[in-house]
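Given next are the chains, with one letter for each unit.
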Amino acid sequence: MLSIKNLHANIDGKEILKGINLEVKEGEVHAIMGPNGSGKSTLASVLAGRDLFTVTEGKVTYLGHDLLELSPEERASEGIFLGFQYPIEIPGVSMVNFMKTALNEQRKHKGLEPLSSSDFLKHMREKKELVELDTNLTNRSVNEGFSGGEKKKNEIFQMAMLEPKLAILDETDSGLDIDALRIVANGVNKLKTPKNASIVITHYQRLLDYIIPDYVHVLYDGKIIKSGGKELAFELEEKGYDWLKKGVAV
Amino acid sequence: MQLCKVMEKDQDKILHEVTQNEYKYGFVTDIESESIAKGLNEDVVRLISQKKNEPEFMLEFRLKAFRYWQKMKMPTWAHLKVPEINYQDIIFYSAPKQKISGPKSLDDIDPELKATFDKLGISLDEQKHLSGIAVDAVMDSISVKTTFKESLADLGIIFCSFSEAVQEHPDLVKKYMGSVVPYTDNYFAALNSAVFSDGSFCFIPKGVRCPMELSTYFRINAANTGQFERTLIVAEDDAYVSYLEGCTAPRRDENQLHAAIVEIIANKNAYVKYSTVQNWYPGDKNGLGGIYNFVTKRGKCAGENSKISWTQVETGSAITWKYPSCILLGDNSVGEFYSVAVTNNHQQADTGTKMIHIGKNTKSTIVSKGISAGFSNNSYRGLVKVTKNATNARNYSQCDSLLLGDKCGAHTFPYIEVDNKDSIVEHEATTSKIGEDQIFYCNQRGIKTEDAIGLIVNGYAKEVLNKLPMEFAVEAQKLLQISLEGSVG
Ligand SMILES: Nc1ncnc2c1ncn2[C@@H]1O[C@H](COP(=O)(O)OP(=O)(O)O)[C@@H](O)[C@H]1O
Ligand SMILES: [Mg+2]
């Protein structure tokens, strides 16, 4: 589904991604871990098409497309969803209006008619239940005045609404209490099908108690320095990252 | 530093992409018109009055205004760069040629004119009106057709062109014209009073709620012509009316002058709601052409408990100079001003309001949302004045500015004069930018940059757009987006 080969990216001349390689297949869940500042969010942004970052080398193939050729909105319509580490507020734009616009734009891209209002509302009601989203949250402006937890839940709600093929969740677990964490993880698990895949970026092993990854990768200083199965997460929890960093330095 | 540069480049790109859209009302109607020679002098003023077959009092009014104007100088206090206007190079009267003069049936109207208004989305055919809006359609110097006049007359409502009102209801015109905006008020008010050619007149008698929206649609068509119209709305005790105004003009390289007056009188318990969507040709991307829009709009809450509410969406014109105001004379009277002003490319706007509190317990609300893009300049200028006897007056003002890109300017000039210590005046102001992160967030959900900007801007202006009548609100939303297309970042 997604194939990243030797990806290098920089911002303002400073290299952040220094040769990333990653293969993600349908039905897989990949966890990416690593210390702060190692480039996890940058990788997510580059995959989503943020042009703040310049790709200097490498290739990314997604469902047979050269991903780097597509605009951010094309990538979204082709099924890439990014759950933001810091969701953005848009004052005055209601969640309902935002989601309706997004969903219908994506449908248009696929040559589908816009959803009727009643179908849209039905779809929304279902997804709200799935992520146990507070009813009146969708009538409020996008992320405006949402608590940290509400913002994260709202990202999962949007993912549920848009039904992506590849979801990249950037520290969706940070700042969540254990109940919220369970709800978020539950949402992710319920949306899992043999056809879609997710990349879960996290700091903490605890999320991986709920979302069982097929692979765990450690990103450090712009490179994936170690990959393994879910046991790697436990090892990291126990030993931290230092033993790996040393390995890199040597 | 480097980072800033990268982001600037992005902004430029987005700005560039979004500002490419063209003004879609820029076409010219090919119709024969009757114009007088260019230039302005006393004979021209007399000629206009004569063409309109006006009673003596009108000619006197015009001449007094003209003589007054001749002694005046163009005001320079606004935050605008206004090129010198050569009044001898402007045609002051131009009318599409018509078979008959005066009120006419649909069949008497030139099909070309009908088609023009159809193209603008304004049907002159009453049968085609589902939404219950009566229209006075004005092209250049004259009113082409007023719809639903007869059915409104059954309720005692007078809705007709200003010229017709002068002929049919001279006493009302004489009583109210100039009572809110005297010709001595300012330079452009004096000019308008001397040379105005048409406009709308509306009178709602005591106790009548006007059952449909009344509207005037102004269209400039002829080249080198100035448009000077005048609107007068009178609501007697307990009357209600909602009034809409729209305007467009062809795309031309030369600037054209528009100087209008709107006067509103609201008597006891009356409520007048006046909404404008101003979309005169704004000029091209490089600032060539466009309308110079100098307008004096003022309402007088003459009676107790009366209310006047201004809502404006200003997207057009190369230069806008406009301050719809309320004189709150009656006790407990209420004045409101809700405004969205968008400037793009090289447009300049200096707009706002004056709320003059004279009666006791008077209340005013000001909500102004400025949006600047491109190389434009957008200023809010507002005066809140509470006179000595206006005990317990209240004002709340909120002035927000939104910037798209970093080559445009937003300015706020609030003036507050309070002579009564039992009154409360509150003022809030914010300035923000559309963030590149907001646009990316929308992009990531599948929304294109242009649509994202439309969404964000409409969200920002929502409080004002919500005040517009339904049919207008949808139009205005689209207009906001179109005005910023090719310009936003
Ligand atoms: N917008 C930006 N401008 C400059 N540097 C950035 C920007 N975003 C990220 N970086 C830098 O890139 C590196 C990686 O950051 P990030 O991808 O956010 O790491 P992580 O998500 O793993 O914590 C950091 O050194 C950070 O300072
Ligand atoms: Mg991060």
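Everything discussed here concerns the structure shown above.
What you are looking at is a predicted structure, and each value in this text was computed from that prediction instead of being measured.

Engineer: Would you explain the nonpolar core in this entry?
Structural biologist: Side chains of nonpolar character tend, in soluble globular proteins, to be buried together. Leu-2, Phe-98 and Leu-166 of chain A are the most contacted members of the largest nonpolar core, which has 103 residues in total. Beyond its immediate sequence surroundings of up to four residues, Leu-166 of chain A is in contact with Met-1, Leu-2, Val-24, Tyr-62, Gly-79, Ile-80, Phe-81, Ala-197, Ser-198 and Ile-199 of chain A. Membership of the second largest hydrophobic core comes to 54 residues, among which are Trp-69, Ala-78, Ala-259 and Tyr-292 of chain B.

Engineer: Looking at this model, I keep getting lost on the coordination of the magnesium ion (ligand 2). Mind explaining?
Structural biologist: Under ideal tetrahedral coordination, the four donors around a metal are separated by 109.5 degrees; under ideal octahedral coordination, the six donors are separated by 90 or 180 degrees. All names here are of chain A. Summarising the metal site, the magnesium ion (ligand 2) is bound by the protein donors Ser-41 (OG) and Gln-85 (OE1), whose distances to it range over 2.0 to 2.2 Å. With Ser-41 in helix α1 (residues 40-48) and Gln-85 in the loop between β6 (80-83) and β7 (90-94), this pair connects stretches of sequence that are 44 residues apart. Note on Gln-85: relative accessible area 17%, which makes it buried.

Engineer: Where do I start with unusual backbone geometry in this structure?
Structural biologist: Where the residue is not glycine, phi is negative for most of them; where a peptide bond is considered, it is trans in most cases. For Glu-163 of chain A, which is not a glycine, the phi torsion comes out positive at approximately 45°. Taking the relative accessible area as the measure of exposure, Glu-163 of chain A reaches 51% and is therefore exposed. Even without being a glycine, Asn-392 of chain B presents a positive backbone phi close to 70°. Looking at Asn-392 of chain B, the relative accessible area reads 32%, which means it is partly exposed.

Engineer: What am I meant to see in the sheet that holds strand β9 (residues 166-170) of chain A here?
Structural biologist: Residue and element names in this part refer to chain A. Spatially, the 6 strands line up as an open sheet ordered β6-β9-β10-β3-β11-β12, and their pairing is mixed. Strands with a single pairing partner mark the edges of an open sheet, and in this sheet they are β6 and β12 (223-228). Taken pair by pair, the neighbouring strands of this sheet meet at an average axis angle of 20°, ignoring direction. In the sheet, strand β11 (residues 215-220) pairs with β12 via 5 bridges, with the strands oriented antiparallel. Paired with Val-218 across the bridge in β12 is Lys-226. Strands in contact with α1 are β3 (29-33), β6, β9, β10 (197-201) and β11; relative to β9, the strand with the most contacts, it is inclined by about 145°. Relative to β6, helix α5 (residues 148-162) is tilted by about 170°, and along the sheet it contacts β6 and β9.

Engineer: I keep staring at the site of ligand 1 and nothing clicks. Help me out?
Structural biologist: If you check the shell around ligand 1, you find 14 residues, and the closest are Ile-16, Gly-37, Lys-40, Ser-41 and Thr-42 of chain A. Flanking ligand 1 are residues from chains A and B. Here Gly-37 of chain A contributes a backbone N or O atom positioned 2.7 Å from an oxygen atom of ligand 1. Within the backbone of Lys-40 of chain A, an N or O atom sits 2.8 Å from an oxygen atom of ligand 1. Coverage of ligand 1 by the protein amounts to 68% of the 550 Å² it exposes when considered alone.

Engineer: Even after reading the chapter, I still don't get the interface of chain A and chain B, so can you show me in this structure?
Structural biologist: When the parts come together, some accessible area is lost, and that loss is often what is quoted as the size of the interface. Facing the 35 residues of chain A at the interface are 24 residues of chain B. Contact between chain A and chain B buries roughly 2500 Å² in total, counting both sides, with carbon and sulfur atoms accounting for 61%. Where chain A packs against chain B, one counts 3 salt bridges. A salt bridge links Glu-155 of chain A to Arg-445 of chain B; its shortest N-O distance comes to 2.7 Å. Contributing elements (two or more residues each) for the side of chain A that touches chain B: α1, α2 (72-77), β6, β7, α3 (95-109) and α5 of chain A. Residues of the side of chain A that touches chain B, tallied by class, amount to 18 nonpolar, 9 polar and 8 charged.

Engineer: How should the environment of Leu-172 of chain B be read in this particular structure?
Structural biologist: All names here are of chain B. Here Leu-172 shows up in helix α7 (residues 170-176). Separated by 62 residues in the primary sequence, Leu-172 and Val-234 place their C-alpha atoms 9.2 Å from one another. Sequence-distant contacts of Leu-172, that is, excluding residues within four places in its chain, are made with Ile-158, Phe-201 and Phe-203.

Engineer: Got a minute to help me understand the side chain of Gln-347 of chain B in this structure?
Structural biologist: Residue and element names in this part refer to chain B. Turning to its location among the elements, Gln-347 is positioned in the loop between β16 (334-343) and β17 (348-357). For Gln-347, a relative accessible area of 6% puts it in the buried group. In terms of polar contacts, Gln-347 uses its side chain to reach the backbone carbonyl oxygen of Thr-315, at 3.0 Å. At 2.9 Å, the side chain of Gln-347 forms a polar contact with the backbone oxygen of Ser-317. With residues near it in sequence (within four places) discarded, Gln-347 still touches Pro-282, Thr-315, Gly-316, Ser-317, Ala-318, Val-342, Ser-376 and Asn-377.

Engineer: Even after reading the chapter, I still don't get the pairing of β3 of chain A, so can you show me in this structure?
Structural biologist: Here is the key point about a regular strand: its side chains alternate between the two faces of the sheet. Residues and elements named next belong to chain A. A large share of β3 lies buried, amounting to 5 of its 5 residues. Of the two faces of β3, the one lined by Val-29, Ala-31 and Met-33 and the one lined by His-30 and Ile-32 are each fully buried. Looking at chain direction, β3 and β10 are connected through 4 bridges and run parallel. Of the residues in β10, the one forming a bridge with Ala-31 is Val-200. Here β3 runs beside β11; their pairing, made up of 4 bridges, is parallel.

Engineer: How should the side chain of Ser-306 of chain B be read in this particular structure?
Structural biologist: All names here are of chain B. Among the structural elements, Ser-306 can be located in the loop between β12 (290-301) and β13 (307-314). Among the polar contacts made by the side chain of Ser-306, one reaches the main-chain carbonyl oxygen of Gly-303 at a distance of 2.7 Å. Once you skip the residues sitting within four places of it in the chain, Ser-306 turns out to touch Ala-266, Asn-267, Asn-269, Ala-270, Cys-301, Asn-332, Ser-333 and Val-334.

Engineer: Sorry if this is basic, but what is going on with the packing of aromatic side chains here?
Structural biologist: Given two aromatic rings, one states the distance between the centres and the angle between the planes to describe the pair. Under the defined criterion, the tally for this structure stands at 22 aromatic pairs over all chains. Measuring from centroid to centroid gives 5.9 Å for Phe-84 of chain A and Phe-440 of chain B, while their planes differ by 65°, and the two rings are edge-to-face. Of the two residues, Phe-84 of chain A sits in the loop between β6 and β7 while Phe-440 of chain B sits in helix α9 (residues 436-444), which places them in two different chains. Look at Phe-440 of chain B and you get buried, because its relative accessible area is 4%. Aromatic pair Phe-61 of chain B and Tyr-183 of chain B: ring centres 5.9 Å apart, planes at 90°, arrangement edge-to-face. Here Phe-61 of chain B, found in helix α3 (residues 56-70), pairs with Tyr-183 of chain B, found in the loop between α7 and α8 (187-195); they are 122 residues apart in sequence, far enough to count as distant. Residue Phe-61 of chain B shares its accessibility class with Tyr-183 of chain B, and that shared class is buried. Grouped by ring-pair contacts, the aromatic residues Phe-66, Trp-69, Trp-77, Tyr-87, Tyr-187, Phe-188, Phe-294, Trp-321 and Tyr-323 of chain B constitute a single cluster. The side chain of Arg-230 of chain B reaches across the aromatic face of Phe-196 of chain B, ending 5.3 Å from its centre. A cation over a ring is seen here: Lys-369 of chain B above Tyr-460 of chain B, with NZ or CZ 5.0 Å from the ring centre.

What counts as what
Residues numbered from 1 in each chain as written. Chains lettered and ligands numbered in written order. Predicted model: local features only at pLDDT ≥ 70, side-chain atom pairs only at ≥ 80, totals over all residues. Heavy atoms only, no water. Core = buried A, V, L, I, M, F, W, Y, C linked by side-chain atoms within 4.5 Å. Buried < 20%, exposed > 50% of the residue type's maximum accessible area, 1.4 Å probe, protein only. Contact = heavy atoms within 4.5 Å. Donors = N, O, S within 2.8 Å, 3.2 Å for Na, K, Ca; no water. Helix = DSSP H or I, 4+ residues; strand = E, 2+ residues; numbered from the N terminus. Pairing = 2+ DSSP bridges. Axes fitted to C-alpha atoms, helices over the stretch in contact; angles between N-to-C directions. Near = heavy atom within 4 Å. Polar contact = N/O pair within 3.5 Å; in protein donor to acceptor, adjacent residues only side chain to side chain. Areas by Shrake-Rupley, 256 points an atom, 1.4 Å probe, with all protein chains shown as cover. Buried area = accessible area lost by both parts, 1.4 Å probe. Salt bridge = Lys/Arg side-chain N within 4 Å of Asp/Glu carboxyl O. Nonpolar A, V, L, I, M, F, W, Y, C, P; charged D, E, K, R; others polar. Phe/Tyr/Trp six-rings, centres within 6.5 Å; stacked < 30°, edge-to-face > 60°. Lys NZ or Arg CZ within 6 Å of the ring centre and 35° of its normal.

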